[in-house]
2 protein chains.
Amino acid sequence: MLFQDCICFSLGKVSRQMAKVYRDRLIQYGISQPQFFLLIALYEEDDILITRLSEKVALDKSTLTGILDRLERGGFVKRVSRPENRRSLYICLTVKAQTLRNDLTQVYNETNQLFFSRLSEHERGVFDEVMRKLEVTSDD
Amino acid sequence: MLFQDCICFSLGKVSRQMAKVYRDRLIQYGISQPQFFLLIALYEEDDILITRLSEKVALDKSTLTGILDRLERGGFVKRVSRPENRRSLYICLTVKAQTLRNDLTQVYNETNQLFFSRLSEHERGVFDEVMRKLEVTSDD
DNA sequence: TGCAAATAATTGGCATACAAATTATTTGCA
DNA sequence: TGCAAATAATTTGTATGCCAATTATTTGCA
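Reference entry: report on the structure contained in this document. (Residues numbered from 1 in each chain as written. Chains lettered and ligands numbered in written order. Predicted model: local features only at pLDDT ≥ 70, side-chain atom pairs only at ≥ 80, totals over all residues. Heavy atoms only, no water.)

## Let's talk about the protein's contact with DNA strand D
Stated formally: Nearness is defined per residue: one heavy atom within 4 Å of the molecule or strand is enough. Whenever a nitrogen or oxygen atom comes within 3.5 Å of another N or O atom, the pair is scored as a polar contact, on the condition that within protein one atom can donate a hydrogen and the other can accept it, and that pairs from neighbouring residues in sequence are kept only if both atoms are in side chains. Elements are defined by DSSP. Helices are runs of H or I of four residues or more, strands are runs of E of two residues or more, and each kind is numbered from the N terminus.
A:Thr51, A:Arg79, B:Gln35, B:Ser62 and B:Arg70 are the nearest of the 25 residues found near DNA strand D. Here, DNA strand D places atoms within 4 Å of the protein, and 73% of those atoms are sugar or phosphate. One of the side-chain nitrogen or oxygen atoms of B:Ser32 is found 2.7 Å away from a phosphate oxygen of DNA strand D. The contact in question runs from a base oxygen of DNA strand D to an N or O atom on the side chain of B:Arg87, over 3.3 Å. Only helix 1 (7-26), helix 3 (50-57), helix 4 (61-73) and strand 3 (85-93) of chain A together with helix 2 (33-44), helix 4 (61-73) and strand 3 (85-93) of chain B provide two or more residues apiece to the surface near DNA strand D.

Quick look at the structure:
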């Protein structure tokens with residue numbers, strides 16, 4: 001089988017290329033693409049547990065620790081501890097992040113639209129279905 | 001737009017999940033998924049320049065430096081310098097890597113087949129076309 | 001021919017990304 | 001009630017992955 005025919009390689013390649021498009025558009029805001037996706041996830045659902053956030057963005061909790069460190073250092077989020085359960089930490093958007101909400105949401109929509117618009121209605125439907133079918137759950 | 005509808009997020013998520021499937025199957029050979037893909041690319045075309053290899057696998061040359069370091073340390077490849085051009089380095093598979101060729105090619109084909117088989121003939125065609133359309137060249 | 005520009009690869013710096021181990025806290029059951 | 005098991009997050013270690021800068025070599029042109 002030719003190298004280019006590998007689904008995993010193909011997905012990874014396009015994924016990296018697309019990430020760069022986001023990177024270039026996010027430089028002005030001082031955040032990376034993974035940090036950006038976390039903020040978008042938090043715009044959708046603020047004040048949530050790290051474990052919940054890690055499920056949402058499909059990244060290991062230990063990966064989030066680092067990204068959240070940098071987002072917190074940049075003043076975009078805060079780790080909030082509540083007395084009910086001192087084990088858990090809630091991630092909350094700061095005023096700074098709220099202020100950027102419109103801007104970042106626009107980058108989010110426009111960039112996705114940039115790629116989305118290359119596909120026909122039919123292709124979009126099939127693509128979604130294919131992504132759903134390729135998702136890995138608990139099997140090999 | 002809902003978070004899950006972002007093409008880039010969707011691609012990255014599935015890409016990471018699929019990488020894990022390869023990872024689990026490669027543990028026994030002592031190589032990582034990126035190292036594996038490099039070897040597969042070399043099985044297809046051995047004795048090639050690093051620059052050529054980096055185009056083939058769509059990774060930055062500086063990224064390859066590290067992966068090749070580890071492959072070389074593991075005895076899978078060698079950096080070969082030729083007198084015609086002392087700037088260039090050719091990457092060559094070792095006997096050890098050649099010996100593993102059948103095994104690794106089988107992992108490569110079987111794992112891809114695992115995912116490929118989840119799609120219908122039509123979906124495969126559309127998927128290829130979509131990946132082609134989403135590739136980023138020199139535009140935003 | 002000589003030297004600036006181009007090319008090939010590496011280095012250094014930073015940010016993911018995951019797995020295994022660890023810490024702190026809470027649960028649940030004997 | 002007490003303590004083992006479960007849970008939440010972090011830490012540690014290793015490996016990507018990219019970019020900008022650097023080193024070494026080769027090209028090409030004035």
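## Considerations on the environment of A:Arg124
Residues and elements named next belong to chain A. Condition: Residue contacts are defined here by distance: any two heavy atoms, one from each residue, within 4.5 Å place the two residues in contact.
Relative to the elements of secondary structure, Arg124 occurs in helix 7 (residues 121-134). Ignoring anything within four residues of it in the chain, the contact list for Arg124 reads Phe116, Ser117 and Leu119. Here Leu119 takes part through its backbone oxygen, which lies 3.2 Å from a polar atom of the side chain of Arg124.

## Let's talk about the sheet that holds strand 2 (residues 77-82) of chain A
Residues and elements named next belong to chain A. Rules: Should DSSP find at least two bridges between two strands, the strands are taken to pair. The axes are straight lines fitted to the C-alpha atoms, using for helices just the contacting stretch, and the angles between their N-to-C directions are given from 0 to 180°.
Spatially, the three strands line up as an open sheet ordered 1-3-2, and their pairing is antiparallel. The open sheet has two free edges, formed respectively by strand 1 (48-49) and strand 2, since each of these has just one partner strand. Those strands touched by helix 2 (residues 33-44) are strand 1, strand 2 and strand 3, and its axis lies near 95° from that of strand 3.

## Some remarks on the protein's contact with DNA strand C
Applied cut-off: Three categories are distinguished: nonpolar for Ala, Val, Leu, Ile, Met, Phe, Trp, Tyr, Cys and Pro, charged for Asp, Glu, Lys and Arg, and polar for the others, with Gly belonging to the last.
Taken together, 25 residues sit near DNA strand C, with A:Ser32, A:Gln35, A:Arg70, B:Thr51 and B:Arg79 positioned nearest. The contact atoms of DNA strand C, taken as those within 4 Å of the protein, divide so that sugar and phosphate hold 74%. Residue A:Arg86 places a main-chain N or O atom 2.8 Å away from a phosphate oxygen belonging to DNA strand C. The side chain of B:Thr51 places a nitrogen or oxygen atom 2.4 Å from a phosphate oxygen of DNA strand C. Those elements that provide at least two residues to the surface near DNA strand C are helix 2, helix 4 and strand 3 of chain A together with helix 1 (7-26), helix 3 (50-57), helix 4 and strand 3 of chain B. Element by element, the count of residues in the surface near DNA strand C is highest for helix 4 of chain A, at four residues. Split by residue class, the surface near DNA strand C holds six nonpolar, nine polar and ten charged.

## Points about the interface of chain A and chain B
The criterion, for reference: Two parts placed together each lose some accessible area under a 1.4 Å probe, and adding up what both lose gives the buried area. When a carboxyl oxygen of Asp or Glu lies within 4 Å of a side-chain nitrogen of Lys or Arg, that pair is called a salt bridge.
Taken residue by residue, the interface counts 51 residues in chain A and 51 residues in chain B. Roughly 5300 Å² is buried in total at the junction of chain A and chain B, and carbon and sulfur atoms are behind 66% of that figure. Inspection of the region where chain A meets chain B yields four salt bridges. Across the pair B:Lys133 and A:Glu123 runs a salt bridge whose closest N-O atoms are separated by 3.0 Å. The interface formed by chain A and chain B holds 23 residue pairs in polar contact (both at pLDDT 80 or more) in total. Counting only elements with at least two residues in the side of chain A that touches chain B, the list comes to helix 1, helix 2, helix 3, helix 6 (101-116) and helix 7 of chain A. The element that contributes the greatest number of residues to the side of chain A that touches chain B is helix 1 of chain A, accounting for 16 residues. Grouping the constituent residues of the side of chain A that touches chain B by class yields 30 nonpolar, eight polar and 13 charged.

## Observations concerning helix 1 of chain B
Under the convention used in this document: Here, expected helix span is obtained from the residue count minus one, scaled by 1.5 Å. Exposure is judged per residue with a 1.4 Å probe applied to protein chains only, and the accessible area is read against the type maximum: over 50% gives exposed, under 20% gives buried, and values in between give partly exposed.
If you check helix 1 of chain B, its first and last C-alpha atoms are 28 Å apart, about what 20 residues at 1.5 Å a residue would give, namely 28 Å. Counting buried residues along helix 1 of chain B, 16 of its 20 residues qualify, which places the element largely inside the surrounding structure.

## Observations regarding the pattern of salt bridges
Taken as a whole and assessed by the stated rule, the structure comprises 20 salt bridges over all chains. Of the charged contacts, one joins A:Arg52 and A:Glu45 as a salt bridge, the two residues approaching to 3.0 Å between their closest N and O atoms. Residue classification places A:Arg52 among the partly exposed residues on the basis of a relative accessible area of 35%. Overall, the relative accessible area of 27% leaves A:Glu45 in the partly exposed class. Among the ionic pairs, B:Glu44 bridges to B:Lys56, the shortest N-O distance being 3.0 Å. Placement of B:Glu44 in helix 2 and of B:Lys56 in helix 3 is noted, with a sequence separation of twelve residues between them. Looking at B:Glu44, the relative accessible area reads 34%, which means it is partly exposed.

## Some remarks on the packing of aromatic side chains
Filter applied, for reference: Between 30 and 60 degrees the pair is tilted, below 30 it is stacked and above 60 it is edge-to-face, where a pair is any two Phe, Tyr or Trp rings, Trp via its six-membered ring, whose centres lie within 6.5 Å. To sit over a ring, a charge needs its Lys NZ or Arg CZ within 6 Å of the ring centre and within 35 degrees of the ring normal.
For the structure shown, the criterion picks out 14 aromatic pairs over all chains. Measuring from ring centre to ring centre gives 5.9 Å for A:Phe37 and B:Phe3, while their planes differ by 90°; the resulting arrangement is edge-to-face. Placement of A:Phe37 in helix 2 and of B:Phe3 in the segment before helix 1 is noted, with the two residues assigned to different chains. By relative accessible area, which is 7% here, A:Phe37 ends up buried. Each ring, one from B:Tyr22 and one from B:Phe36, has its centre 5.9 Å from the other, and the planes form 40°; the classification is tilted. Of this pair, B:Tyr22 sits in helix 1 while B:Phe36 is found in helix 2, placing the two residues 14 residues apart along the sequence. Comparing B:Tyr22 with B:Phe36 shows no difference in burial state: the two are buried. Grouping aromatic residues by their ring pairs yields a cluster made of A:Phe3, A:Phe9, B:Tyr22, B:Phe36, B:Phe37 and B:Tyr108. Residue placement shows A:Arg82 over the ring face of A:Tyr90; its charged tip is 4.6 Å from the ring centre. Stacked on the ring of A:Phe76, the Lys or Arg A:Lys96 has its end atom at 4.4 Å from the ring centre.

Interpretation in functional terms is not warranted from these geometric data alone.
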